[in-house]
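Okay, here's what each chain looks like letter by letter:
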Amino acid sequence: MFSTAMTTLRRMKWVLRDEDPVEAASLSREIRINPLLARILASRGMIDTGSAADYLDPDIGRLHSPSLMADIGRGASRVKEAVEDGSKILVHGDYDTDGLTATALMVRFLKSAGGSVAHFIPSRFGDGYGLSEGGMDHALKEGASLILTVDCGIRAMGSVNTAAERGVDVVVTDHHEPGPELPRAYAVIDPKRPDCGYPFKDLAGVGVAFKLASMLQDIGLEADALSYLDLVSIGTIADIVPLVGENRVMVDRGLKLLEDTDMIGLRSLMRECGIDPFMGVRSDDVSYRMVPRLNAVGRLGDPRMALELLLTNDRFDAELFSKEMNALNFKRRSIGEKVYSEAMAQAMDGGYTEDMCLVLSDPEWHPGVVGLAASKLCEEIGLPVIVISVEGVSARGSCRSPSGVDMISALEYCSDLLEEFGGHENAAGLTIVPDNIPALRERMNHYFEVHEQVMGLLPVVEVDIDASFEELSVESVSSLERMDPVGKGNRENLVRLREIRLVDVRTVGQGGEHLRFMGEREGKGIACIWFRMGGMSDMVRNSSVVDMIGSLSVHRWGGREEVQMKVLDMDVLSGLNV
């Protein structure tokens, strides 16, 4: 289903969006925005001045009332009762950034309201995913009468029953897909419940936690939920949920709060990442700098350090944690690249070339980085991928699928082979008995053969506009920053430049990982960077004239400004010799 030999630089199918120049000009004039920004918004269907203005100015007043969410009133009343009578509440989170920020939000919020609060983050290696037996034991040890889950619990049927048997109530807050039955908890708060009428279904786990905090504030707890939107922005960006609707509003406000956050740990982490809050904090700063460091702790060891960073009020501890997390992130990258390289070599073996879903495993692969390898393989090969780390009599795997391909439904089809699984349509996790891995590969491939009709084709990408060099001034490209926060569902601008000559092609970065070059046409030029394509340097140098697509931004350094393109794909028009 996939080729093992690259003979072209083109990796995607480009579809140019429809554009009406009259509509774009009208939009630019009526809401007074730069013509380049107006062209892109119009190409995305935002031709109504009201919707375009709302998009460019996300208003916190457009958030829905939390009372619209099923079970949230019952859950909030139980939590409020525990706060007011002084009984211990255990906040049970998860080890990824979404779970960590959700835990920090609820712990900080409940403590500020006078609650007696403990917290528990499961270990990826010792406890596994979700509401864990370790969490149950910790609740009893702390004397908790209430467990409040964040970013987990929707499929924890057994654990919720165990808590009830031990006399502990459970209020579940989650955003993952529920199973056929809901857990029999005191309250189950999840916008993806089939009976939940909440208008916005794509909240991250931290977003659902924020909704519960808002509800608690509405029913009388004296604490300010909005003050924690900096945490909400980090967790929402990290979980790659669509940055539209409420998510766009919360992330926009949260990024502004990050610029002047009073959380010592976040300030220290930003310094360690090289983020200058006085220059503004963008979604890319969070996703490419902060999130990998927060995730690295849980991937390689004990995630509690990351949570303590988010909770500490001590500057010394914050600096110590930030530096250790930075070191762990470098280690994670090194281990992840090794696993990715070995998984790719396994995928390129002749026995896998007809597979519609790659199921790869090895006892030497670190379980904390298989998700990174799966993501990269899925992106590069364009097929669903499951990368599994085998550890004795147990194995843990991470699953990734291209957009529009439902991995959860495929795992449901294979559920009798799995110990447990959960996650989202395009990113999930599983545990499995190693002897069942061959059967999983066979079953997954059968599922995708029957249910998917587009496997192995070039991924489709929608291009906003054809851009000319005359439009690419610093002023015009700076206006595109108003599209922030960008991410899934609201991706950054994507333009095509046509008939470009490539000059000064060179590799940059550690080990020559990336490509940097100039794109020129008719005496005008633009600086270009093509990430993770250093291995294609010779092919790019031999490409005389190309069309290319990418996102435009303004690179600022040392008081200077320069327009640059982050290249996404390239189509050779002449000069390639392979």
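From a predicted model like this one, the values you see are computed outputs, not experimental measurements.

**Q** Whenever I open this one, helix 4 (residues 72–85) confuses me. Can you help?
**A** Residues spaced three or four apart along an α-helix point in a common direction, a consequence of the helix completing one turn every 3.6 residues. Taking 1.5 Å per residue, 14 residues should reach 20 Å; helix 4 reaches 20 Å between its end C-alpha atoms and fits that length. Within the sequence span of helix 4, burial applies to I72, G75, A76, R78, V79, K80, A82 and V83. Buried-residue contacts for helix 4 involve strand 2 (88–92), helix 5 (97–112), strand 4 (144–150), strand 5 (169–173), strand 6 (187–189) and helix 8 (205–218). G86, located one to two residues past helix 4, shows a positive phi value of around 75°.

**Q** Explain the sheet that holds strand 3 (residues 116–120) here, please?
**A** Strand pairing in a sheet takes place through backbone hydrogen bonds and is either antiparallel or parallel in direction. The strand order across the open sheet formed by five strands is 3-2-4-5-6, and the pairing between neighbours is parallel. Either end of the sheet is taken by a strand with one partner, and the two such strands are strand 3 and strand 6. Pairs of neighbouring strands in the sheet enclose a mean axial angle of 20°, with direction left out of account. Bridge count for strand 2 against strand 4 is five bridges, and the pairing is parallel. The residue of strand 4 that forms the bridge with V91 is L148.

**Q** Looking at this structure, I do not really get the pairing of strand 12 (residues 460–463). What am I missing?
**A** Walk down a regular strand and you will see the side chains alternate between the two sheet faces. Of the two faces of strand 12, the one lined by V461 and V463 is fully buried and the one lined by V460 and E462 carries no buried residue. Summarising the sheet, strand 1 (residues 13–16) and strand 12 pair through four bridges and their orientation is parallel. Along strand 12, the bridge assignment pairs K13 with V460.

**Q** I tried to follow the sheet that holds strand 7 (residues 358–362) on my own but got confused; where do I start?
**A** Here we have five strands laid out as an open sheet, ordered 7-8-9-11-10, and mixed in their pairing. Among the strands making up the open sheet, the edge pair consists of strand 7 and strand 10 (418–423). Neighbour-to-neighbour, the strand axes of the sheet open up by a mean angle of 15°, direction not taken into account. The pairing of strand 7 with strand 8 (residues 385–391) spans five bridges and is classified as parallel. Across the sheet, L360 pairs through a bridge with V387, a residue of strand 8. Helix-sheet contacts for helix 15 (residues 370–381) involve strand 7, strand 8 and strand 9 (394–400), and the interaxial angle to strand 8 is about 155°.

**Q** Help me out: how do you make sense of the pattern of salt bridges in this one?
**A** It is possible for side chains bearing opposite charge to pair when their charged atoms get close. Using the criterion set out here, one finds 38 salt bridges in the structure. In this structure, the salt-bridge partner of E81 is R78, at a minimum N-O distance of 3.7 Å. With a gap of three residues between them, E81 and R78 both fall in helix 4, about one helical turn apart. Residue E337 is joined to K376 by a salt bridge in which the shortest nitrogen-to-oxygen separation is 3.1 Å. In this pair, E337 is assigned in helix 14 (residues 315–347) and K376 in helix 15, connecting sequence segments 39 residues apart. Assessed through its relative accessible area of 37%, E337 is described here as partly exposed. Linked by salt bridges that have partners in common, R17, R44, E462, D464 and R491 make up one network.

**Q** What am I meant to see in the packing of helix 5 against helix 13 (residues 304–311) here?
**A** Two measures define how a pair of helices packs: the angle their axes make with one another and the distance between the axes. Close contact between helix 5 and helix 13 brings their axes to 9 Å; oriented N to C, the two are set at 40°. Between helix 5 and helix 13, the angle falls in the class oblique. Of the two elements, helix 5 crosses helix 13, and the hand of that crossing is right-handed. Along the contact surface, helix 5 presents L100, T101, T103, A104, V107 and R108, while helix 13 presents A306, L307, L310 and L311. Tallied by class, residues from the contact of helix 5 with helix 13 come to seven nonpolar, two polar and one charged.

**Q** I would appreciate a short explanation of the nonpolar core in the present structure.
**A** Across soluble globular proteins, nonpolar side chains show a tendency to be buried alongside one another. In terms of nonpolar packing, the biggest core is built from 99 residues, with M106 and L110 touching the most fellow members. If one sorts the elements of this core by residue count, helix 14 sits on top with nine residues. Apart from the residues lying within four places of it in its own chain, the contact partners of L110 are V79, V83, I89, V91, G115, V117, L148, L216 and L221. L27, I465, V505 and V572 belong to the second-largest nonpolar core, a separate cluster that totals 42 residues.

**Q** Sorry, what's going on with the packing of aromatic side chains here?
**A** Ring pairs (aromatic) are described by centroid distance and by the angle formed between their planes. Counting across every chain of the model gives three aromatic pairs. An angle of 75° between the planes, with centres 6.3 Å apart, marks the rings of F109 and Y228 as edge-to-face. Of this pair, F109 sits in helix 5 while Y228 sits in the loop between helix 8 and helix 9 (229–238), placing them 119 residues apart in sequence. In this pair, the class of F109 matches that of Y228, namely buried. Ring plane angle 85° and centroid distance 5.2 Å describe the contact between Y447 and F448, whose orientation is recorded as edge-to-face. Accessibility assignment for this pair places Y447 and F448 in one class, buried. Of the aromatic side chains, those joined through ring pairs into one cluster are Y413, Y447 and F448. Of note, K376 hangs over the ring of Y340, and the distance from its end group to the ring centre comes to 4.2 Å.

**Q** Help me understand the packing of helix 11 (residues 264–273) against helix 12 (residues 283–300), please; the structure alone is not making it clear to me.
**A** Contact pair helix 11 / helix 12: the axes reach a minimum separation of 9 Å and the direction vectors enclose 110°. Taken together, the axis directions place helix 11 and helix 12 in an arrangement best described as roughly perpendicular. For helix 11 against helix 12, the interelement crossing comes out right-handed. Contacts between helix 11 and helix 12 involve L266, L269, M270 and C273 on the former and, on the latter, R289, M290, R293 and L294. Split by residue class, the contact of helix 11 with helix 12 holds six nonpolar, no polar and two charged.

Criteria and thresholds
The numbers attached to residues start from 1 for each chain and follow its sequence in the written order. Residue-level local features of this predicted model are given only where pLDDT is at least 70; pairs of side-chain atoms are given and counted only at 80 or more, and the full residue set underlies all totals for whole chains, interfaces and linings. Note that the side-chain values use all heavy atoms of the structure and ignore hydrogens as well as water. Segments assigned H or I by DSSP are reported as helices when at least four residues long, segments assigned E as strands when at least two residues long, and all are numbered from the N terminus. In this analysis, the expected span of each helix is defined as 1.5 Å times one less than the number of residues it contains. Burial classification: accessible surface area is computed with a 1.4 Å probe over protein chains only, and a residue below 20% of its type maximum counts as buried, one above 50% as exposed, and the rest as partly exposed. Any two residues whose heavy atoms approach within 4.5 Å at even a single point are treated as in contact. Whether two strands pair depends on DSSP finding at least two bridges between them. Note on geometry: axes are lines fitted to C-alpha atoms, helical ones only across the stretch in contact, with angles between N-to-C directions running from 0 to 180 degrees. Each reported salt bridge corresponds to a side-chain nitrogen of Lys or Arg within 4 Å of a carboxyl oxygen of Asp or Glu. Roughly parallel means an angle under 35 degrees; roughly antiparallel means over 145; roughly perpendicular covers 65 to 115; every other angle is labelled oblique. Here is the rule for handedness: rotate from the far helix to the near one, and if that takes an anticlockwise turn smaller than a right angle the crossing is left-handed, while a clockwise turn gives right-handed. Under the convention adopted here, Pro, Cys and the residues Ala, Val, Leu, Ile, Met, Phe, Trp and Tyr are nonpolar, Asp, Glu, Lys and Arg are charged, and Gly plus all remaining residues are polar. Side-chain atoms within 4.5 Å link the members of a nonpolar core, which is a set of buried Ala, Val, Leu, Ile, Met, Phe, Trp, Tyr and Cys residues. Note on aromatic pairs: the rings of Phe, Tyr and Trp (six-membered ring only in Trp) are paired at centre separations within 6.5 Å, and the planes decide the class, stacked below 30 degrees, edge-to-face beyond 60, tilted for the rest. We call a charge positioned above a ring when the Lys NZ or Arg CZ atom is no farther than 6 Å from the ring centre and deviates by at most 35 degrees from the ring normal.

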